[in-house]
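Below are the chains, spelled out letter by letter.
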Amino acid sequence: MPRFHRRSDDGEQYGATTLELFYDLVFVFAVTQISHLLISHLTWEGAGQSAIALLVIWWAWQYTTWVMNELDPESNLVQLLLIGLMLASMLMAIAIPKAFGARALLFAGSYVVIQVGRHAFLTFVAAPRGSHERRRATPILIWFCASGVFWIAGAIATGQARTALWLAALAIDYVAPLVTYWLPGSRRVTADDWQVSTTHFTERFGLFVIIALGVSIVVTGATTSQLRLDTATLAAFVAAFLSTAAFWWLYFTSVSHLWERALETTDHRTELARDAYTYGHILIIAGIILAAVGDEVLITRTTHDLTTAELTALVAGPTVYLLAQATLRYRITHTLSPRRLTGAALCIAVGLAGASRPALAVGFLLVAVLAGVVTADLLVASRR
């Protein structure tokens, strides 16, 4: 057994530790920063910048989750590693509002330190020379060093050059797992080189969904507390809360346990974990963040007609969330999800019909759609 790796019997399952929950607190702040960035820049440019920030934050978090699926959380050195990653993640989150301006180097530099530092530890500290773990960690470290050049170059550049370099860096980072970190002339890393503990793994990703839902609750409460509590505002608050509750129900009551069971029983666990969780769950998180932005629009514009940008923000959250769940179901079970596809289509229809209606009416129509999908899930479950 390599140093700093978990000592457990084959097949033994374990959950998240308090240190991992402590680490997650940084990402509550990071997701809040992303939602505020989008709220304050409700344009296509702002949406693109928010998307890049989310992709960066997500990639830093999920790689740490994969690593902690194997490392021993009781080791003092592993604990120090996670606290160090937490500090760098905090600096990265602080930079988000000005990541495309004065704090670009702090944003990109913190991300590179997280990715390169973590896998340098795996390569040179946690894994003995010539071990399977070092052969597996080395190509990942090289890929991160390659993308890091583009991240730092983009931070130094300005304007469109910065965006182009960062998009190239993101492409390198996001393609790497799909080609299993292939390097010319070296032994290819295969999916069998990882052993995923499903209970810990699915719990960690479920906790990030909770993080995003918590940010939605914070945005709803903070926005409402700053306004006069008339009937329209309270009604909008109720609609926003019910929407968040429906999001929780559709994930944790309807599908999360089914996806965990599928991951536990598949013969291709690593590939499914990569596709459904590493890649697929970012769409779920994006839907929740968009919904948080939509909640603020709903509460602050209750009786007003919406601009195109505001209407898009309000409708996009539940639409993306339902489509994300439908996409994940197809990847996991190779079957369609008619309830979620129908719900997404109805959300789009609400958006098309909501151009001349006040925000409150659009918000309650979207809640009705989500409630319909929840009810349909309950009916199907009762028949089972």
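That block above? That's the structure.
What you are looking at is a predicted structure, and each value in this text was computed from that prediction instead of being measured.

Thresholds applied
- Residues numbered from 1 in each chain as written.
- Predicted model: local features only at pLDDT ≥ 70, side-chain atom pairs only at ≥ 80, totals over all residues.
- Heavy atoms only, no water.
- Phe/Tyr/Trp six-rings, centres within 6.5 Å; stacked < 30°, edge-to-face > 60°.
- Helix = DSSP H or I, 4+ residues; strand = E, 2+ residues; numbered from the N terminus.
- Buried < 20%, exposed > 50% of the residue type's maximum accessible area, 1.4 Å probe, protein only.
- Lys NZ or Arg CZ within 6 Å of the ring centre and 35° of its normal.
- Contact = heavy atoms within 4.5 Å.

*Asks:* Explain the packing of aromatic side chains to me, please; I cannot follow it from the model alone.
*Replies:* Applying the stated rule across the entire model yields 26 aromatic pairs. Here Trp151 and Trp166 contribute two aromatic rings whose centre-to-centre distance is 5.7 Å and whose plane-to-plane angle is 50°, an arrangement assigned as tilted. Within this pair, whereas Trp151 is found in helix 5 (residues 132–156), its partner Trp166 is found in helix 6 (residues 159–175), the two being separated by 15 residues in sequence. Neither residue differs from the other here; Trp151 and Trp166 are each classed as buried. Residues Trp248 and Phe252 carry aromatic rings whose centres are separated by 6.3 Å and whose planes lie at 25° to one another, so their mutual orientation is stacked. Here Trp248 pairs with Phe252, and both are found in helix 8 (residues 231–253), just 4 residues apart, close to one helical turn. Cluster of aromatic residues (ring-pair linked, three or more members): Tyr23, Phe27, Trp58, Trp61, Trp66, Phe201, Phe205, Phe208 and Tyr277. The ring of Trp166 has Arg162 lying over it, and the distance from NZ or CZ to the ring centre is 5.9 Å.

*Asks:* So what exactly am I meant to see when it comes to the environment of Gly15 here?
*Replies:* Within the secondary structure, Gly15 is located in the segment before helix 1 (18–40). Measuring from C-alpha to C-alpha, the distance between Gly15 and Ala191 comes to 23 Å, with 176 residues separating the pair along the chain. Among residues more than four places away in sequence, those in contact with Gly15 are Glu20, His200 and Glu203.

*Asks:* It is not clear to me how the side chain of Asp275 should be interpreted in this structure. Could you clarify?
*Replies:* Here Asp275 lies in helix 10 (residues 269–300). Judged by its relative accessible area of 19%, Asp275 falls in the buried class.

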